[in-house]
Amino acid sequence: MRQRLSSEPDRYRGRRRVPTPPRTRYAAVVTGAVVGAGLVALGAAGMPDAKTVDPSVLSDLQHAAAAKADLSARADDASRASRGVDRADLASSMATTQDVWMLPVEDFNFTAPYGVRWGKLHTGIDLSAKEGTPYQAIHAGKVVKAGWFGGYGYAVILQHPDGSESIYGHSSRLLVQEGQQVKAGQQLGLVGNTGHSYGSHLHLEIHVDGAPQDPIPWLAERGVDIQLQTDNSLGAAS
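Predicted, not measured: the structure shown is a model, and the values here were computed from it.

Enquirer: Requested: an account of the overall build of the protein chain, with residues and values cited.
Expert: Across its full length, the protein chain carries three helices and twelve strands. By residue count, 29% of the 238 residues in the protein chain fall in the buried class. Looking at the protein chain alone, contacts between residues at least 24 apart form 58% of all its contacts between residues at least 6 apart. Total accessible area computed for the protein chain in this model is approximately 15700 Å², and 55% of it derives from carbon and sulfur atoms.

Structure (structure tokens):
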């Protein structure tokens, strides 16, 4: 059994009746409470008791409440429609990024073109940059090679949705793995001097149906100017 505290009221200690305050005092307390409650209610409502309100006023209030509910419902509908538009805009934006083509590296020097060099076909272009400079995907695609690739040293090969491939050679470090899907502008590795290389640079090749293409005019058709170092990325995610 719970031990009762000495501070508990007498009515919890026995059956003795709690003394009733004098009638006049009790009446005054009750009257004050009622009047006080009435004043609070009037102050909160800002209007007389509903029983004394003219029926026309009540009707106006009901119409106002209905109108407010209707406006709230319309606002909810508009919000749902807006969310639908936002999703459509997002989908459209995602579709647009599929057309983004970007420069493979920022702040580079163009050092070697596509063409015959030293009696052999140089099947890409060389972009000189400081060793350790990040390079990125020129377009969205799938990594089909990421590792040592003979004379290319450490290299990455991307296969793009249109079937073309881009090759990035002589890396000092690779940042992607085979089978990985990447976006335009996503970092693939770091510029280096591995393989058959004479100085730190990125070797870039473009292959279509297995045959090498001159990257400069091919990329120019897609909005990328190697010589002016501009592209059509417009803030593509990296």
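Enquirer: How would you explain the pattern of salt bridges if you had to name every residue and give the values?
Expert: Applying the stated criterion to the full structure yields two salt bridges. Measuring nitrogen to oxygen at the nearest pair gives 3.7 Å for the salt bridge that ties aspartate 126 to arginine 117. Assessed through its relative accessible area of 6%, aspartate 126 is described here as buried. The class for arginine 117 is partly exposed, based on a relative accessible area of 31%. A salt bridge links glutamate 221 to arginine 222; its shortest N-O distance comes to 3.5 Å. What makes glutamate 221 exposed here is its relative accessible area of 66%. What makes arginine 222 partly exposed here is its relative accessible area of 22%.

Enquirer: A description of the packing of aromatic side chains should follow, citing residues and the corresponding values.
Expert: Applying the stated rule across the entire model yields five aromatic pairs. Between tryptophan 101 and tryptophan 218, the ring centres sit 5.4 Å apart and the planes meet at 80°, which makes this aromatic pair edge-to-face. Placement of tryptophan 101 in the loop between α2 (55-97) and β1 (109-112) and of tryptophan 218 in helix α3 (residues 215-220) is noted, with a sequence separation of 117 residues between them. The interplanar angle of 90° and the centroid separation of 6.5 Å between the aromatic rings of tryptophan 118 and tyrosine 198 together place this pair among those described as edge-to-face. Of the two residues, tryptophan 118 sits in the loop between β2 (115-117) and β3 (120-122) while tyrosine 198 sits in the loop between β10 (187-191) and β11 (201-208), which places them 80 residues apart along the sequence. Side by side, tryptophan 118 and tyrosine 198 carry an identical accessibility label, which is exposed. Arginine 222 extends its terminal NZ or CZ atom over the ring of tryptophan 101, reaching a point 5.6 Å from the ring centre. The ring of tryptophan 218 is capped by arginine 222, whose NZ or CZ atom sits 3.6 Å from the centre of that ring.

Enquirer: Before we move on, could you go through the nonpolar core and cite the residues and values that matter?
Expert: Core analysis: the biggest nonpolar cluster contains 27 residues, and Tyr135, Val156, Leu158, Tyr168, Leu188, Leu219 and Ile226 have the highest contact counts within it. Of all the elements in the fold, those that place two or more residues in this core are β4 (125-128), β6 (141-148), β7 (154-159), β10, β11 and α3.

Enquirer: Break down the environment of valine 100 for me, citing the residues and quoting the values.
Expert: Positionally, valine 100 belongs in the loop between α2 and β1. Expressed as a C-alpha distance, the spacing of valine 100 and glycine 223, which sit 123 residues apart in the sequence, is 8.7 Å.

Enquirer: Any chance you could break down the environment of tyrosine 152 for me, citing the residues and the numbers?
Expert: Its place among the elements puts tyrosine 152 in the loop between β6 and β7. Ignoring sequence-local partners within four residues, the contact set of tyrosine 152 consists of Thr123, Ile167, Gly169, His170, Thr194, Gly195, His203 and Glu205.

Enquirer: Could you give an account of the pairing of β4, with specific residues and numbers?
Expert: Pairing of β1 with β4 involves three bridges; the strand directions are antiparallel. Counterpart to phenylalanine 110 in the pairing with β4 is leucine 127.

Enquirer: Could you give an account of the pairing of β7, naming the residues involved and the relevant values?
Expert: The pairing of β6 with β7 spans six bridges and is antiparallel. Looking at the pairing, lysine 142 lines up with glutamine 159 of β7. Between β6 and β7, which pair antiparallel in sequence order, lie five residues; one of them, glycine 150, sits at a positive phi of approximately 60°. Note: β7 against strand β8 (residues 165-174), five bridges, orientation antiparallel. Residue pairing in the sheet places valine 156 in a bridge with tyrosine 168 of β8. Hairpin connection between β7 and β8: a loop of five residues separates the two successive antiparallel strands, and glycine 163 in this loop has a positive phi of roughly 95°.

The rules behind each value
- Residues numbered from 1 in each chain as written.
- Predicted model: local features only at pLDDT ≥ 70, side-chain atom pairs only at ≥ 80, totals over all residues.
- Heavy atoms only, no water.
- Helix = DSSP H or I, 4+ residues; strand = E, 2+ residues; numbered from the N terminus.
- Buried < 20%, exposed > 50% of the residue type's maximum accessible area, 1.4 Å probe, protein only.
- Contact = heavy atoms within 4.5 Å.
- Areas by Shrake-Rupley, 256 points an atom, 1.4 Å probe, with all protein chains shown as cover.
- Salt bridge = Lys/Arg side-chain N within 4 Å of Asp/Glu carboxyl O.
- Phe/Tyr/Trp six-rings, centres within 6.5 Å; stacked < 30°, edge-to-face > 60°.
- Lys NZ or Arg CZ within 6 Å of the ring centre and 35° of its normal.
- Core = buried A, V, L, I, M, F, W, Y, C linked by side-chain atoms within 4.5 Å.
- Pairing = 2+ DSSP bridges.

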